[in-house]
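Reading the structure
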Amino acid sequence: MDFLLSYYTDKIAGLEGNIFEMFTQFYSFDLSPINSWLKTHFQNKVLKDDTQSVQFRQEGNQCYARKELVKCLQLYTKSMCFATLNSKEYGLALANRSAAFLELKEYRDCITDIELCFKSNYPKQLRPKVYMRKAECYIEMGQKDDLNKCIYEALKFLRNESIPDKDKFISKLNELKASPLKMLNTDNSREKSYDIPALEEGENENFAYASSKIKMSYDKTRGRHVVSTKNIKRGDVLFVEKAFICAPVFKDNKEFIPFKCYYCLKDVLSSVPCHSCTLCIYCNDKCRLVSWKESHKWECEGMQANIWYEMGIGFPTFKSIMKGVKSGFRCIKGDHEEDLKHFGNKQDNYPYFSRLMIHIYKNKNAALFFLVSTIVVTYLKNYTDFFVWYLKQEKCPKKDLKDLENFIGGLITKHIAQMTCNSSIIEHWTCSSSEILLPDVLISTACGMFPSVSIMNHSCRPNVSNFFICDTIVVKALEDISENQEIFNCYGVDYRTTSREERQKLCRSLYHFECKCEICSDELKEMDLLDGFNCPECRESIKILPGASVASCRICKYQLSAKTLSVMNNLGEKCLEAMNVSPIEALTTCLNVKTKILYKHHKDFEDLYYRLYDCYLEMGDTQNMLTYFQLYLEHERVRRGKSARAVGVRLYEAALTILHCLKKNHLKSCSNLMSLLQNVNGMIREAKDIINLYYPPYITNKLNNKIKFIQNKQLQCCCT
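Below: a short report on this structure. (Residues numbered from 1 in each chain as written. Predicted model: local features only at pLDDT ≥ 70, side-chain atom pairs only at ≥ 80, totals over all residues. Heavy atoms only, no water.)

Before going further, it helps to spend a moment on the overall build of the protein. Counting its regular elements, the protein contains 25 helices and 16 strands. Referenced to the eigenvectors of the C-alpha coordinate spread, the extents of the protein come out at roughly 90 × 80 × 50 Å. Relative to its 720 residues, the protein shows a buried fraction of 51%. Sequence-distant contacts in the protein: of pairs separated by 6 or more residues, those separated by 24 or more amount to 64%. Within the structure as shown, the protein displays about 35,100 Å² of accessible surface, and the carbon and sulfur contribution to it stands at 49%. In the protein, 99 positive and 86 negative side-chain charges are present, and the distance between their average locations comes to 3 Å. (Helix = DSSP H or I, 4+ residues; strand = E, 2+ residues; numbered from the N terminus. Buried < 20%, exposed > 50% of the residue type's maximum accessible area, 1.4 Å probe, protein only. Contact = heavy atoms within 4.5 Å. Areas by Shrake-Rupley, 256 points an atom, 1.4 Å probe, with all protein chains shown as cover. Lys, Arg positive; Asp, Glu negative; His and termini not counted. Charge placed at Lys NZ, Arg CZ, Asp CG, Glu CD.)

Structure representation (structure tokens):
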């Protein structure tokens, strides 16, 4: 791809006209390098291969023997993906995967795999042990009727087939039938985990996916933007938008994230593979069929040739084109007034996606846009029957093949520019290693397009947060928002983690505007001002400029020696290295020194406060423990924001830690036990309010249930 880009970059300088005219000119260039690039990829297609399937299954068996169950699940799934349709290897991979599910106590997935296995070309002589595995699942799940039905079917099968050791299997099945039933904890069902939050007061009739509490507005300075129509409270749901398109992201090994449905992005263990390529897995036949009809039938050949991995933003853009095919790429004429009347359509959102801003003429990567769109058009023309098929459709916008190629190529180029500025990375929280801890790692799962959400303007200090549930984005108010106030999203450039200079550079290069948000417009609100020295006169922050010998307070003009301040700060650090004092004494001495010279919200205090909290917690000193935790928390609220996820997580974890100490009687004898419990309950309430802004209900509901259980246990413990 780099060679192609270098070859065509200079040629784009001579292109003139609108996007469609420019593409037509580009498409008329010598395309032999592009044809050679595609030919090389298609000569190395990765196809279904039973030999490969056997190899992956055998590797999975080795992992299974070592009890590396998650890894063996991946290998068995890959074995299924490489197995040819209706082959014996496909059924063997399913059966082996069901055994891993049984070990993992994923009984529903185990049963699903077994039922798929029976529909495949699985060897009959191996079926009895799979029937017994299915029966074990029903015993564990406490489902008597299903157990009896399973054993009846198994016995019927054994009577009608010539199976080695038939009598032994019949005897074992009868033993299973008499086994006592257990009861599965249904709270762990993943089917309940994808509940989507509701828009409390309904949806805006003229703004799809948006709350009735907000609307689209327009002025020449801000363009289209979103404002509140009434007072909004922190936590109110403002958008719930299903992705117009979502394209899973490739990992470095040119594969997708395992255990995610290629179409809907649900977590999936018992998956089914694409019938043709070896990369895509699905929840079930329904997702596989819908995906095929929408776009996969045209992209599958490219999957086999691994061209989409190298296309970058061209891959999700291709999917957006497939969304417009059915309507003949219907568009809406008119200016912003049309958008204010109505924006968005849940049945066909292509016209509204097509109205999003483009900045191709300002973009330095325009050559890449035209190159990618040309590759896609050439691929569709030479390796699929897309153009032949589309010319026969009633709503095809062009009647001539060449005109259609140029039209589709121009649209792809336009949509790449739109995707570049308006798309979102869909991120999902990883599962925590503990069922009572909040997950803290986000995985980039897909590239998604949310036309309604993308109308929000950027601010380096946003007033909304968001999270994703599968392919749906949920946007919540991060703070109270007054009526007629603008709703701001953050395009990934937050002032708490990025300097003003870096933010402006990113906004110009990625989004082609200069940010003039409330932070960028006022240098006194920048975070680096907090990391200054303490003015003895007015207690404000004094910044020492690089190379300066004297620091001057911007408020009262008081001057301090930069050298003296630096020496004193280093003295504070050396206190931590003292050998003959306790950790608490060293930390306290260091804190006293730094309190005299550093501004009260300086970053150095974060570690000191938390380490002191930790020391006193270990000692069981509740008064000092809570004192330093509150100091730490106030520090975090200032530096990260009152509703920052980190604040909610720390509150939650500290509350759990205190309750855990109570359980072990570390704090039971303290004189202010009831006051402590009230403090903990307050911490939990505040933590819940904050974490609900960042985590989907399938995480927060589980944690809420767990914390209630723990609290009840502690109350019982304290009352005895």
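Our focus in this paragraph is the state of the cysteines. Enumeration over the complete set of coordinates arrives at zero disulfides. Free cysteine: C246, not disulfide-bonded; nearest cysteine sulfur from C264 at 8.3 Å. With relative accessibility at 10%, the residue C246 sits in the buried group. (Disulfide = S-S within 2.5 Å.)

Take unusual backbone geometry next. One non-glycine residue with positive phi stands out, namely F259, at about 70 degrees. The backbone of F329 shows a phi angle near 60 degrees, a positive value even though the residue is not glycine. Inspection of the secondary structure puts F329 in the loop between α12 (314-325) and α13 (336-341).

Locating R355 in the fold gives a position in the loop between α14 (350-353) and α15 (366-383). Since its relative accessible area comes to 16%, R355 is described here as buried. Apart from the residues within four sequence positions on either side, R355 is in contact with R224, I332, K333, G334, D335, H336, E338, D339 and Q418.

This part takes up the sheet that holds strand β11 (residues 472-477). Taken together, the three strands give an open sheet; going across it, the order is β3-β11-β10, and neighbouring strands pair in antiparallel fashion. Edge positions in the sheet fall to β3 (237-242) and β10 (464-469), since each has one partner strand and no second. On average, adjacent strands in this sheet sit at an angle of 15 degrees to one another, irrespective of strand direction. As judged from the six bridges shared by β10 and β11, these two strands associate in the antiparallel manner. Within β11, the residue paired with I469 across the bridge is T472. (Pairing = 2+ DSSP bridges. Axes fitted to C-alpha atoms, helices over the stretch in contact; angles between N-to-C directions.)

Moving on, we get to the environment of S211. With respect to the secondary-structure elements, S211 resides in the loop between α10 (166-177) and β1 (214-219). Put simply, S211 and V240 are 29 residues apart on the chain and 8.1 Å apart in space, counted from C-alpha to C-alpha. Among all residues touching S211, those that are not within four sequence positions of it are L199, G202, E203, N204, V237 and L238.

With respect to the secondary-structure elements, L401 resides in helix α17 (residues 401-422). Residue L401 is classed as partly exposed on the basis of its relative accessible area of 36%. In sequence terms L401 and A99 are 302 residues apart; their C-alpha atoms lie 53 Å from each other. In this structure L401 touches F387 and L391, once residues within four positions along its chain are discounted.

Take helix α11 (residues 285-304) next. The end-to-end C-alpha distance of α11, which contains 20 residues, comes to just 20 Å, noticeably less than the 28 Å that a straight helix rising 1.5 Å per residue would cover. In α11, a bend of some 75 degrees at H296 exceeds every other bend along the element. Residues of α11 that are buried: C287, R288, S291, S295, H296, W298, E299, C300, G302, M303 and Q304. Structurally, α11 contributes buried residues whose contacts are with α3 (32-43), β5 (272-273), β6 (281-282), α12, α15 and α16 (386-391). (Expected span 1.5 Å × (residues − 1). Bend = angle between axes of the 7 residues up to and from the residue.)

Moving on: the sheet that holds strand β8 (residues 442-449). Sheets are built from strands that pair by backbone hydrogen bonding, the pairs being arranged parallel or antiparallel. Spatial ordering of the open sheet is given by β4-β8-β7, a layout of three strands whose pairing is antiparallel. Only two strands of the sheet have a single partner each, and these edge strands are β4 (245-248) and β7 (424-429). Direction aside, the axes of adjacent strands within the sheet are offset by 40 degrees on average. Taken together, the four bridges between β4 and β8 define a ladder with antiparallel strand orientation. Across the sheet, the residue bridging to C246 is G448, located in β8. Helix-sheet contacts for α12 involve β4 and β8, and the interaxial angle to β4 is about 145 degrees.

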